[in-house]
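Report on the structure
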Amino acid sequence: MTSAHRGTIFLETARIVAHHSPAAEQWLLTLEAPECAQRAAPGQFVHLQCDPALPMRRPLSLLRVNPDQGWVEILYKVVGQGTRQLAQQQTGQALSVMGPIGQPFCPDPQRPRALLLGGGVGMPPMIFLADRLRRDPQAKPCVFLGSELPFPFPIRPSRLLIPGLPADAIGTLALLEDWGIPCRLSSARGQPGCHAGYVTDLARAYLTPLDAATRDQTMLYACGPEPMLRAVAGLAREFDLPCQVSLEEFMACAVGGCAGCVVPIHAANGIAMKRVCVDGPVFPAEAVYPA
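Since this is a predicted model, take the numbers as computed values, not measurements.

With that out of the way, let us pick up a nonpolar patch on the surface. Taken together, the side chains of V262, I271 and M273 make up a nonpolar region of the molecular surface, amounting to roughly 280 Å² of accessible area. Note on placement: V262 falls in strand β15 (residues 262-267). For V262, a relative accessible area of 32% puts it in the partly exposed group.

Taken in spatial order, the 6 strands line up as β12-β9-β8-β13-β14-β17 in an open sheet, and their pairing is mixed. Sheet topology places β12 (183-186) and β17 (282-284) at the edges, where each strand pairs with a single neighbour. Each strand axis lies, on average, 20° off the axis of its neighbour in the sheet, ignoring direction. Two elements, strand β8 (residues 113-119) and strand β9 (residues 140-146), share 7 bridges in a ladder whose sense is parallel. Its bridge partner being in β9, L117 is matched across the sheet by F144. In this fold helix α3 (residues 123-133) packs onto β8, β9 and β13 (218-223), with an angle of close to 155° to the strand it touches most, β8.

Our focus in this paragraph is the pattern of salt bridges. Overall, the coordinates contain 10 salt bridges when judged by the stated rule. Residue D131 is joined to R134 by a salt bridge in which the shortest nitrogen-to-oxygen separation is 2.7 Å. Assessed through its relative accessible area of 6%, D131 is described here as buried. On the basis of relative accessible area, R134 is assigned to the partly exposed category, the value being 35%. The partner of R189 in a salt bridge is E148, with the nearest N and O atoms 3.9 Å apart. Here R189, found in the loop between β12 and α5 (199-207), pairs with E148, found in the loop between β9 and β10 (155-157); they are 41 residues apart in sequence, far enough to count as distant. By relative accessible area, R189 is classed as exposed at 60%.

Moving on: unusual backbone geometry. The residue after G99, namely P100, is reached through a cis peptide bond having omega -5°. With respect to the helices and strands, P100 occurs in strand β7 (residues 94-101). Cis peptide bonds are those with omega within 30 degrees of zero, and the linkage from G280 to P281 qualifies with 10°. Positive phi, normally seen in glycine, also occurs at E25, with a value near 60°. Mapped onto the elements, E25 comes out in the loop between β1 (10-23) and β2 (26-32). Of note in this structure, A259 is not a glycine but carries a positive phi near 60°.

Further remarks concern the nonpolar core. Grouped together as the largest cluster of nonpolar side chains are 43 residues, with contacts concentrated most on L115, F144, Y206 and L247. Other than its neighbours up to four places away in sequence, Y206 contacts L115, C142, F144, I162 and L165. L28, A114, F153 and C223 belong to the second largest nonpolar core, which has 28 residues in total.

Two residues of an α-helix separated by three or four positions point the same way, owing to the 3.6 residues in each turn. With 10 of its 11 residues buried, α3 lies for the most part within the structure. When α3 is considered as a whole, its buried residues turn out to be M123, P124, P125, M126, I127, F128, L129, A130, D131 and L133.

Take the packing of aromatic side chains next. Counted according to the given criterion, the structure contains 2 aromatic pairs. Judged by centre distance (5.9 Å) and plane angle (80°), the rings of F105 and Y221 are edge-to-face. Separated by 116 residues along the polypeptide, F105 in the loop between β7 and β8 and Y221 in strand β13 bring together distant segments of the chain. No difference in accessibility class separates F105 from Y221, as the two residues are buried. In this arrangement the basic side chain of R39 is found over the ring face of F10, its NZ or CZ atom lying 4.0 Å from the centre.

Bringing helix α7 (residues 226-238) into the picture now. Helix length check: α7, at 13 residues, gives a terminal C-alpha distance of 18 Å against a target of 18 Å (1.5 Å per residue), a fit within 8%. Those residues of α7 that are buried are in contact with β8, α5, β13, β14 (243-246) and α8 (285-288). Just downstream of α7 lies D240, where phi reads positive at about 55°.

Parameters at a glance
Residues numbered from 1 in each chain as written. Predicted model: local features only at pLDDT ≥ 70, side-chain atom pairs only at ≥ 80, totals over all residues. Heavy atoms only, no water. Patch = residues over 30% accessible without salt bridge, like charges linked within 9 Å, V, L, I, M, F, W, Y side chains within 5 Å. Areas by Shrake-Rupley, 256 points an atom, 1.4 Å probe, with all protein chains shown as cover. Salt bridge = Lys/Arg side-chain N within 4 Å of Asp/Glu carboxyl O. Helix = DSSP H or I, 4+ residues; strand = E, 2+ residues; numbered from the N terminus. Buried < 20%, exposed > 50% of the residue type's maximum accessible area, 1.4 Å probe, protein only. Pairing = 2+ DSSP bridges. Axes fitted to C-alpha atoms, helices over the stretch in contact; angles between N-to-C directions. Contact = heavy atoms within 4.5 Å. Core = buried A, V, L, I, M, F, W, Y, C linked by side-chain atoms within 4.5 Å. Phe/Tyr/Trp six-rings, centres within 6.5 Å; stacked < 30°, edge-to-face > 60°. Lys NZ or Arg CZ within 6 Å of the ring centre and 35° of its normal. Expected span 1.5 Å × (residues − 1).

Below, the structure is given as C-alpha cells:
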C-alpha cells in the first residue's frame, strides 16, 4: 500500500530572505522556498536544516506562506543547540528545507465560525489558518493568542468588538486587525493590553453567551503546549463543539520512518499509535484527549 504522504513532501534548497529577532529570543525567518510555498496548508510544518554542519533537522511550524512570491515564514524560539545555530544564519544563506509535512487543519464549511486558540510557539499555525480563512467569504474567524514571553508581533488596542470578554482584554495583533479578524491576547506576565490569564479564559467568555444556533456554526482549532490543548479539549466537551488540535512532539526523521513521535489516539475500535509527523500533527481533540 502506498502511504498517503509519499510524493507530497519536497526537498529544496531555500534562501534566507529575512531573519531577525523581534523579542526575547524569538526569531522570524523568511525563506524563499517555492515548492513548499505552493503546497503548504495551515497546520503543516517543515523539517529545516539549522546549519550545514548540523546533521539533525528541526521541525518548525509555518506562520505565513505566499505561494505567488514563493516564500514561507517561520517563527521559532531558541531552546537548544539546533535553534541556537539557526539564529546565527544570515540573509542570503542557503538552508535545506523539507516540506510541507503532515495533515493540516480541515475547516468545516458547515461551521464557518472558527475560534482559533494559540499558545506560545503554537501561535504560528493559528495565524496561518486565520490568513487562509479570511479569503473565504463565508468564514468568520476569531483568534485568541497567549504568550508568557513578549509577543513577537506589533500590538495595538483593537477596534473590533468581541462581546463577552473581560475588560482587560483590549490588545490585538496589528496584523490580524489589518486583516479584519477579531483577536485578543492573554498573558500571565502582566503584558499591557493582555488578559491576565489563559486563552481558555477568553474562549469560555466568548462561547458562554452564544445561542444554540450560533454554537452549531462554531468549531475550535488549537495549537500550543499540552496542558493548554487538554484544557481546550475540555472546553470542546463542555460546549459540545468539534475541535481540532495540532500536537507538538519531538521527532527525528519527520517523514514517518522512525516512529519516534508516536502518540496514543483513541478510536471506536480501541487505541492506535499514530505518528505526529505524518498522521498528524492535526488530530480531532476527542481522539487525543478523551473524556
